[in-house]
Structures are given as structure tokens and as C-alpha cells.
Amino acid sequence: MITARAAATFEPVGRSVAAARTFVRDTLQGWGLTDIVDDAVVLTSELVTNAVVHAGTTADVVCIRADTGVRVEVADRYPEREVPLQSNGGHHFGHPDREGGRGLLLCAALAARWGVEYTATHKQVWFQLDFPDRPAGTRAAGPALPSSALPIADSRVRVGVVQVDSGGLISAWNEDAQELFGYQPEQIIGKPLTDLAAWPHTPGTSTGVAEALLLSRWEGSYGIRGADGRVSPVYASHLRIRDAEGEPSTVCLLVRDRERAVLQSPMRGANVDTAESAERGPATDAFEVFIGSPAPDDLDGLLQRTVERARDMLDGDAAYLLLATDDETELEVRASTGLPSARQRFARVPVEAGTGRYGSARMPAVHEDLSAVPGAVPLLVNTGMRSVVTVPLKVEGRLTGSLGVAAESPARYSNEEALRLQFAADRIALAVERARLTELERLRRGSLSFLVEASDLLAGTLDRDQTLALMAQMTVPTLASWCAVYTVADQASEPELSYVLHEDEDRIDGLKALLMKIDPPEQVPTGGARSWSGPYDAAHAAALRTSLRSLSLGDSARPSSGPGASLATASAVGGETVVLPLVARNRVIGMLILGKPTDEHFRQENLELAEDLSRRAALALDNARLYSERTAISQSLQRSLLPPEQPEVPGVEVEVIYRAAGEGNEVGGDFYDLFPIRDGAYGFAIGDVCGTGPEAAAVTGLARHALRLLAREGFGGPAVLERLNAAILDEGARSRFLTLLYGELWPQHDGSAVLKVVCAGHPLPLRLRQDGSVEAAAEPQPLLGVMEDLELYEQTVTLDPGDVLLCVTDGVTERREGTRMLGDDGLIDVLTTCTGLTAGAVAARVLRAVERFAAEPPSDDMAILAMRVPEPEPADA
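Quick look at the structure, then. None of the values given here were measured: they were computed from a predicted structure. (Residues numbered from 1 in each chain as written. Predicted model: local features only at pLDDT ≥ 70, side-chain atom pairs only at ≥ 80, totals over all residues. Heavy atoms only, no water.)

**Thoughts on the environment of R736**
Phase 1: Take R736: it is sitting in the loop between α18 (717-729) and β28 (738-747).
Phase 2: When its relative accessible area of 25% is taken as the criterion, R736 is described as partly exposed.
Phase 3: Spatially, the C-alpha atoms of R736 and L784 are 8.7 Å apart, while their sequence positions differ by 48 residues.
Phase 4: With near-sequence residues (within four places) excluded, R736 lies in contact with V689, C690, E695, V699 and I728. (Helix = DSSP H or I, 4+ residues; strand = E, 2+ residues; numbered from the N terminus. Buried < 20%, exposed > 50% of the residue type's maximum accessible area, 1.4 Å probe, protein only. Contact = heavy atoms within 4.5 Å.)

**A few points about the sheet that holds strand β2 (residues 59-66)**
Phase 1: On the basis of which strands lie adjacent, the open sheet formed by 5 strands has the order β1-β2-β3-β7-β6 and antiparallel pairing. Every interior strand has two partners, whereas the edge strands, β1 (2-10) and β6 (113-118), have only one. Across the sheet, the mean angle separating the axes of adjacent strands is 15° when strand polarity is ignored.
Phase 2: Strand direction decides the pairing type here: β1 and β2, joined by 8 bridges, are antiparallel. Bridging across to β2, F10 finds its partner in A59.
Phase 3: Against the sheet, helix α1 (residues 15-30) touches β1, β2 and β3 (69-76), its axis set at about 165° to β1. (Pairing = 2+ DSSP bridges. Axes fitted to C-alpha atoms, helices over the stretch in contact; angles between N-to-C directions.)

**A look at the sheet that holds strand β23 (residues 577-584)**
Phase 1: An order of β21-β20-β24-β23-β22 is seen for the 5 strands of this open sheet, with the pairing classed as antiparallel. At either margin of the open sheet sits one strand with a lone partner, and together these are β21 (496-502) and β22 (530-531).
Phase 2: Pairing of strand β20 (residues 482-487) with strand β24 (residues 587-595) involves 6 bridges; the strand directions are antiparallel. Its bridge partner lying in β24, C483 is registered against L594.

**Overview of the nonpolar core**
Phase 1: Counting 48 residues, the largest nonpolar core has M471, L515, L582, L592, I593 and L594 as the members making the most contacts within it.
Phase 2: In terms of residue count, helix α16 (residues 604-641) provides more of this core than any other element does, 8 residues in total.
Phase 3: Excluding anything up to four places from it in sequence, L592 contacts M471, T475, C483, A484, V485, V578, V579, L580, L582 and S614.
Phase 4: With 32 residues, the next largest nonpolar core counts A20, L43, V48 and W114 among its residues. (Core = buried A, V, L, I, M, F, W, Y, C linked by side-chain atoms within 4.5 Å.)

Shown next, in the form of C-alpha cells:
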């Protein structure tokens, strides 16, 4: 009797042989006939080779499943093809290595029956493989459970049946419930179940009784307070239903906790009546209505609803659903029920079969006893599950996921359940794939927005420390629970821990201390995230040591902190930890470490996003490094252009205020200097180079050093400036014109000071007398750097005690706000108010007046030089 049939046609090309092998393998595996798959594939390969290669025609392959075995037929379009003859003396196919006839030789060796049939249009070779003999009633895996291993129960097992209405009040109480807990129905009906339940006793359960009564199905342990006041541990199975009036309520089946096997391992009768099933039609399959109404509008909701209904459909204890990565090499856990989902979520397992791996996820599989094949399903290790059935989710022949249902007892599932689950998976696969693609599109859009924002933030700073902080703050908590950044100064240096961040600020110090104690991860320039177990191993070792020390101390000697801090740190780094190299300009400049708390895993999409972010962050960090190096060089060079320590001038107060325009500039186009020339004589200068920035600063360096050198060589003021003018003109295209006030200062024994001044195009120096009058202390002369032949002269000024000489650059007098300018008159007005002030107070008041003149900060370089001859102190009476 034929029970199933499949057929396919293959073109006369070489790749058709592999396609035919795949067709036969998938067909027989789909029928659950794994015992004969290999033989069938070998025979089909040889026969199809004969048809498409040697005969050169198309090949028709038909697989037929009957009660006793499988028949495979291979037909070609070359009926005249000679076939070897059989004789009474046996088969005479020639040497096994000869090309022709080898397929028939294999048929004779492997098949139970085989033959060749001819028609006018084609030749057909067929073979039949019988099912292997199995003892009646046995399965492929899972030993029979010995009587000694059966659970122990009372001679009469009582099952309390309690019905709870939508308000949580008990509405029904059966006789077994009376015997178990001692309450009569009239004592208990109408009271809340929460008055009796001591919640919870199930390890790891945080669900309260109110929440459990709202779930469609729940199983677990808790306590019931009996009439005598004692709490009895019970095992409960809750099923939410609707009564005849449509009102929701929950039926609770309660047994003593030691008799939980009664509820966990229900009796399984004969197979579902196929006639009744056919009469109901496929639309009434339990999985057909799993989505419900309204359907979940998000992927996570759809997947969670799927696993719950799959578990209910096969009466399982747990279920899980995995989605395939784009390359179909790994599966990622996305939903589960009855399993520690926090530990399993986003865990990844390989697709293909192998030792200790998930097993082939491309075909349905039934594991009757996982204890006989440890590690066959890694997701179920240490979960108490013994049997499992898994089926693939496929869309257009592509693997998109895997759905599994597991039970705590062995041998719960057969091929029939696998086919039912596969039918359900086929119906939901397309909906899941659509929802996955929708979520993926949403995530990609979010990722693009995230990367754009991250790029803007990273491009907005060139400060190294701020870049490190931004890198960490962008990953925590968006991509990870904690983050650490290691930096590498150069290829010969060891990685240095530069920044640590945790979403819980109280964990940062403990995490940083932990990372400082362990060796940094190895520097690997290749891209992509790689796992790092260092923090996990070190944290758990430290927590163990701390716990042992705490136990070894008496209560009186126990440290106040206890092991809590170590355990908290171990929990914080107990999940997946990955290392992403920071590579910029073909050099590893650091590593970005991302971590999850205990038992959590990264989503593949988040890892890919983190890789993109690490590339941008690495370039930003390297730019910040280069900027810091160049800034340090620039500042060092600028500081070399500033005068050294200001000398003390006997009998004269001197104060200098210098401000360079532009962020990060210490030297600009304005400059000043005060230096000793010889005993009793001092040179001073204040000048302004055309322009600002490095070009102007270069001329200021030339001017300051030339002034010192020429003055100390004994040249007078006019000769010093004329030679400086020639040096500036020698710079050619790099030259800048320069305004300069240069003078020589001689403190006198009578308390006055004599100055010889040359003012070359500079704002005139102002003299403030004791009576408050202000006058120019020099006459204007041509500026430097314009004309070759200059004839300059010096003027002599005597400062009496109490007099002030103020010298400024045009950054003071040209201070503007709109059309208003401070100007020479404004500066004179400020100086007239400075009578009796020290040189420092005069300079400070001028600076304050400049800053207050306009709301905007000054945009030009500015130098202020104030010199004052102090008044003699009055003699004691």
C-alpha cells in the first residue's frame, strides 16, 4: 500500500546528480526514514549519473513509500542503452571499477529488490529498500525506565481540583481538596486563593499568584495553608478557561509536591484518531489558531505566542524558537517558555551537525532521551528536559529558524509529533520571516540614525579624554551593560586601561579594580568581535575567595562589607564579553570591550552595530591623539617665543598683561619684552605684527630676539630698530610689517627714571602725572618692514615719582562694539582715573575697561605694559 509519493525531473547536466541526491535525502528524512537514507542516496547518485552523463538525457526520479519499505525509480529517455545480463551463474557486471554498469552492481549489493523496465520511449531502473526490523513497541532511542526509578506516590493519589473566578475567588472545591487541606467547601468557597497560598516555593520563580492565575497555562510549586495552620508544599497545574457563559476562570490541579510526576507525566493514549482529525480538517489543528486575535504586531510577541502554543499543542514542558543568521550558519535564541529565558536569550548555536553541537537544524529531529546523547541539544543542558522534537522553519527552501518542544520525561515524542510540529512551522514560517524582516529594517534604520549621531558627536571634539568618554557613553546602555576602553600608545607598548563605564554607577569602581588586576586582552588587528573570558574568570574567582574568607570568619569577626561587593561585580561581568579592536590608519590604537551581566548575550545586530561604531571611534580617537600631539608641539614652540621670567627693575614698578586671540594660542602678533641691557639699564618693547596666528608669531620671535641681541651689543634705540627693519625685509614673502615701541630705562638715584623712546608706527605711550593729567610721551615715526631706508630718532622722557607710563597695542584702542570704538580718547579717559594706583592696578583697570566695552570677547591680540615710579615713603616723625 502506497502511503506517500514524491517526484522530480533533472536536466542532463553534471550538477543534476547533486540535486537528485539532495532531493532523495530531503524526501526520506522528511518521512522520518533516516536508517535507509545513505543507501538510497548512493544508489540514486549512480543511476542518475548513468542517465544524465552517460545516456545524456533528462532523469525522472520518483520516491514511493509503502508499508514495508521505499521504492526509488530512475528513468531516462534512452531505451536502447545496453544493460548487463544476468545468468544462472550469478551477476556478470565486469570489474567493479569499470564505468558502465556500476549502478546496477550497487543495486544488487544494497537493495532488497531491483529491476530494469523498458518502454518504447524510456528505460527505468528501480530499487527497493526495506525498513529495518525493530522489536515491536520499541523506539530508536531511550532505554526503558526500570521500576526502581519510578516516582513514589501514596497508594491513593489525591488531586485537588480548585476553580478560581476572574476576581481570584474560589468557586469550586472538590472532595480531594477537602482531604488534602482540611477545609469543607462552605468554609472556603468565595474566599481569595491568595488567603491560602504561601507563594512561591518553585526555585527561581518570581511570579505571584495573581499573575499566575491570569496566564493561559502555568505549572510550579507553592504552599497551601491548611485548616490546621500548617503549610503543605503542593505542585500545581493551572489552566485558564471560559465557562459556558463565556466568563474566564482558572482550574487549578493540586497534588502533594512529592507526587508532581502525576501532573508532569500525563498518560499518553493512542494516536489521535485520524478519521476524527480528517473530519475536523486542517483548519482545526491546535496550532492554526496560535496567533489569536488580535495578532501580535511585533516580532517578539509573535515568537513568544508561537512557543507557548507549540508547547501546548504537543503537551510539552518547554518550547523554544531560534532564528537563523543571514548566512544560515548560526541560530539565535529569540523566544522560549519553560526555560531560563534570561540565560538563553540571544545565545547562538551552530546549524550543522557535529560533536557537542546543535545537530542538523535543516530537517526535523526527534531525541527520545537526551541523557543518552549528552550535548545533542546544548540549549537544554541542565534544564531537566529529557526528550525533544525540533523542526526547521523554511521560506522558499531557505532555513530561517528552528522550533523545538521539549518534555521532562523520555520518549514523549515520535515522528507523528514531528510531522504535526513541522506542519505548524510551515504555516508560521512566512509570518515569522516577514516580522523578522520588518524588525531588521527598523533596526537598520535605528542603527543608521545611531551611527549618524555618533559620528556627529565624535567629530565635534578633538579632546582625547572627551572622545573616550563619548565612546563609552554611546555604547552603555544602548549596546552593552558595561564598557571599557584600552589604549595603545605605540606598537611596543602594552594596552592601558583608559576608561571604564557601567550602567550602574555604583559598579564602576569595582569593575575598574577588577580590570586593573587582570592582563588586558591580546591585540588582534583583524576586525570583528571576539569573546574574552578574562573578566568573568577573574570576577568569579575573586567572589569565591571572598565567600570562603567570609565563611571562615566568625560572626563577630566578619567584615562589614561581606562578599556582597565581589558577588555584585561577578554578576555584572558574568554574561558575554566581547573585544573589538580600534584600528586607525592601519595601526591598532586600542580595544573596545563590551560586556553583559550574568548569562546575557549580545544580539548579532548589536555586535555588527558595535563594529561600525568602533571603526568611527577609532578614527576619532586617533584624530584626537594627533591633535593633542600637534597642540603640545605648538604650545611648546609658542612658549619659546614668550619672554622668560620678568626681571625686577630697582625703583620702578612694572606690570604686563598679555592676551593672544584664538583658542589654544599662547602667542600671537602682539608681543612685549623687558630685559636688562647692562648694569643700571633695561630695555623694554611692545609691538604688533600685522596679522595673527603662527605667521605673525614667527615675526614676533624674530623681533624679540633681534632686539635683545642688538641692544646688548651697545646699539642705541634708532640703530636697533633700523637693523631690525632690514632683518624683517630680508624675510621676503614671509615678512610682515611691524609697529614697535622700543625704549631704554635708567632708574635714577633721586627716585625718578629716565626713558629714551622710539615709537615706530605704534600707538603712542601715555604718561599719567600725579595731578591726573595725561599726555603723549613720544612722537610717531614710520613703522618697520615697509621701507628700506629709515631715519629714526629717540626721545627722552623723565618719570617723576608717582608718574605712570602706559604702553598698549592696538587691540586695546581698537576695541569695538558696532560702530563705537574705544580709541585713544577712551583710553585717556580710563587712565585719568588711575591716579595713585600701582602699576598692576593701572593695567588691571585698563583690561577691565576693554572687556566691558563690548559684550563679545576681544577678537584681537592685546598687550598692556604699565611702568610706574613709586613715591618715596614718608619719613617717621
